[in-house]
Amino acid sequence: MVLPQAQAAVPSVLHAEEVPAFLDLERALGPMIRDLGDAPDDNAYTSDPRWARLWMRAQAALVVMQRLDEGTSS
């Protein structure tokens, strides 16, 4: 688990350079989880107006992870 404290996952799970992207992701995901909690189905999350922002933050985190993994796999 890397959220909500991404810094604690360095270096065992995350690179230090990934932390800012995961903190942005937490800023989008955390409030949704607090508000929607254990919703009965995924639609409560995916139909929430904040979903698009969450999706963009998750994509940004993935791009950073992929870039760093490509740089360390050589």
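In the block above lies the structure referred to throughout.
The notes below deal with the structure included here. Keep in mind that this is a model prediction, so the values were computed, not measured.

Here we come to the packing of helix H1 (residues 19-36) against helix H3 (residues 51-72). Between H1 and H3, the shortest axis-to-axis distance is 9 Å and the interhelical angle comes to 155 degrees. Put simply, H1 runs roughly antiparallel to H3. As for how H1 packs across H3, the hand of that crossing is left-handed. Counting all contacts with H1, which are made through Ala21, Phe22, Asp24, Leu25, Arg27, Ala28, Leu29 and Met32, the residues of H3 involved are Trp51, Arg53, Leu54, Arg57, Ala58, Ala61, Val64 and Met65.

In terms of nonpolar packing, the biggest core is built from 16 residues, with Val2, Leu3, Ala6, Leu14, Phe22, Leu25 and Leu54 touching the most fellow members. Looking at this core, the element that brings in the most residues is H1, giving six residues. Other than its neighbours up to four places away in sequence, Val2 contacts Ala9, Val13, Leu14 and Phe22.

Procedures and definitions
- Residues numbered from 1 in each chain as written.
- Predicted model: local features only at pLDDT ≥ 70, side-chain atom pairs only at ≥ 80, totals over all residues.
- Heavy atoms only, no water.
- Axes fitted to C-alpha atoms, helices over the stretch in contact; angles between N-to-C directions.
- Helix = DSSP H or I, 4+ residues; strand = E, 2+ residues; numbered from the N terminus.
- Parallel < 35°, antiparallel > 145°, perpendicular 65-115°, else oblique.
- Left-handed = near helix turned anticlockwise from the far one by under 90°.
- Contact = heavy atoms within 4.5 Å.
- Core = buried A, V, L, I, M, F, W, Y, C linked by side-chain atoms within 4.5 Å.
- Buried < 20%, exposed > 50% of the residue type's maximum accessible area, 1.4 Å probe, protein only.

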